[in-house]
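A closer look at the structure
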Amino acid sequence: MPELPDVENFKVYFRRNGLNKKITAIECSTPSLIKEVRFSDFKKKLMEKKFKDVRRRGKFLIIDIARIPEKLIIHFGMTGGLSYAEQDTERKGRDRFSRLIFKFDNNEELRWLNVRKLGKIYLKKDPESVELIKELGPEPLQISERQFFELLRKCQNKNIKAFLLDQRNIAGIGNIYSDEILFRAKINPHRIIETLSKIEKQNLYQGTINALREAIEIRPSYGMYGIRFETDWLLSHRHKDMECPRNKNHKLKREIIAGRAAIYCPICQK
Ligand SMILES: [Zn+2]
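It should be emphasised that the depicted structure is a prediction, and the values quoted were computed from it without experimental measurement.

1. Observations regarding helix H7 (residues 198-217)
- Here H7 contains 20 residues, and its C-alpha end-to-end distance of 29 Å stays within 8% of the 28 Å for a straight helix at 1.5 Å per residue.
- Burial in H7 covers these residues: Glu-200, Lys-201, Leu-204, Tyr-205, Gly-207, Thr-208, Ile-209, Ala-211, Leu-212, Ala-215 and Ile-216.
- Next to the buried residues of H7 lie helix H1 (4-18), helix H4 (145-153), helix H5 (160-165) and helix H6 (175-184).

Dropping the structure here:
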């Protein structure tokens, strides 16, 4: 699923390709993915308008539209992305799953891709009126170590991986990056928060910041998620050799933890 660094990448992609162009047509093959507004009304609102600005909140993109107060809100679900292409060129590969298409007056179009149809689109004046946005915890790259510790303190009895995954505690982290963060902090994903030492909590904070920042820096220049990680990342071994990046003799373990398929090094992560 696209997580914070992926959606940050989509933001850059949207900003580069989708802003300040007049919308001349809108197509949607799966109108049920547009929530709380009929597609005909959605279309009426957006036709002849321009996207003005885009920001990210958690795993959502929130897009300002010139001349109307509503914002376009995009969630990518499990398998989403964006694609910018010349109008009506063949939709190959992932582009076969273009569910919503904005055509612009420059003869190009922005496609919202969604393979498994688990994404969501909203058109709302107040993004906070979307329950999932209203409930979001703080952005991990915008909080201090003290604020991070405070979030942990409120969830003493929780499992640490479950804590990282829950968008209400902290926004934007999913299964993939929670594994990487815990590996960097050398914390076993089975741990309960109240058992963490101060140093482990500090490592967790630093691991969170570093993993997310570095993933954003190696951002690919396309609108799909899937970053190619260096071999010192846990994530680069996930679908390959299952070797620990710190020691070839450690075999990574795959287990369901907090309802998700976690991987970790049972030797490095205590
Ligand atoms: Zn190891």
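Next comes the rest of the account.
2. A look at the coordination of the zinc ion
- The protein atoms that coordinate the zinc ion are Cys-244 (SG), His-250 (ND1), Cys-265 (SG) and Cys-268 (SG), at distances of 2.2 to 2.3 Å.
- Motif for the zinc ion, donor spacing along one chain: C-x5-H-x14-C-x2-C. Judged on exposure class, the residue Cys-265 and its partner Cys-268 are both buried.

3. Focus: the side chain of Ser-178
- Relative to the helices and strands, Ser-178 resides in helix H6.
- Here the side chain of Ser-178 touches Lys-161 through a polar contact of 2.9 Å, side chain to side chain.
- Setting aside residues no more than four positions away along its own chain, Ser-178 makes contact with Lys-161, Leu-164, Leu-165 and Ile-173.

4. Overview of the packing of aromatic side chains
- Across all of its chains, the model carries nine aromatic pairs by this definition.
- Centre to centre, the rings of Tyr-84 and Phe-104 are 6.4 Å apart; their planes meet at 40 degrees, and the pair counts as tilted. Of this pair, Tyr-84 sits in strand S5 (residues 80-86) while Phe-104 sits in strand S6 (residues 98-104), and the two are 20 residues apart along the sequence.
- Relative accessible area serves as the criterion here: at 1%, Phe-104 is assigned to the buried category.
- When the ring of Phe-148 is compared with that of Tyr-205, the centres are 5.4 Å apart and the planes differ by 55 degrees; the resulting orientation is tilted. Of this pair, Phe-148 sits in helix H4 while Tyr-205 is found in helix H7, placing the two residues 57 residues apart along the sequence.
- Phe-148 sits in the buried class, given a relative accessible area of 1%.

5. Notes on the nonpolar core
- Ranked by size, the top nonpolar core spans 31 residues in total, and within it Phe-14, Phe-42, Phe-51, Leu-61, Leu-100 and Phe-102 carry the most contacts.
- Not counting chain neighbours up to four residues away, the residues in contact with Phe-102 comprise Ile-23, Ala-25, Ile-26, Phe-42, Leu-46, Phe-51, Leu-72, Glu-108, Glu-109 and Leu-110.
- Residues Leu-204, Ile-209, Ile-216 and Ile-227 belong to the second largest nonpolar core, which totals 29 residues.

6. A look at the sheet that holds S5
- Strand order in the open sheet formed by four strands is S1-S6-S7-S5, and the pairing between neighbours is antiparallel. The two strands at the open ends of the sheet, each matched to only one other strand, are strand S1 (23-28) and S5. Neighbouring strand axes in the sheet, compared pairwise and without regard to direction, differ in orientation by 15 degrees on average.
- The strands that H1 touches are S5, S6 and strand S7 (108-114); relative to S5, the one it contacts most, it runs at about 20 degrees.

Procedures and definitions
Residues numbered from 1 in each chain as written. Predicted model: local features only at pLDDT ≥ 70, side-chain atom pairs only at ≥ 80, totals over all residues. Heavy atoms only, no water. Helix = DSSP H or I, 4+ residues; strand = E, 2+ residues; numbered from the N terminus. Expected span 1.5 Å × (residues − 1). Buried < 20%, exposed > 50% of the residue type's maximum accessible area, 1.4 Å probe, protein only. Contact = heavy atoms within 4.5 Å. Donors = N, O, S within 2.8 Å, 3.2 Å for Na, K, Ca; no water. Polar contact = N/O pair within 3.5 Å; in protein donor to acceptor, adjacent residues only side chain to side chain. Phe/Tyr/Trp six-rings, centres within 6.5 Å; stacked < 30°, edge-to-face > 60°. Core = buried A, V, L, I, M, F, W, Y, C linked by side-chain atoms within 4.5 Å. Pairing = 2+ DSSP bridges. Axes fitted to C-alpha atoms, helices over the stretch in contact; angles between N-to-C directions.

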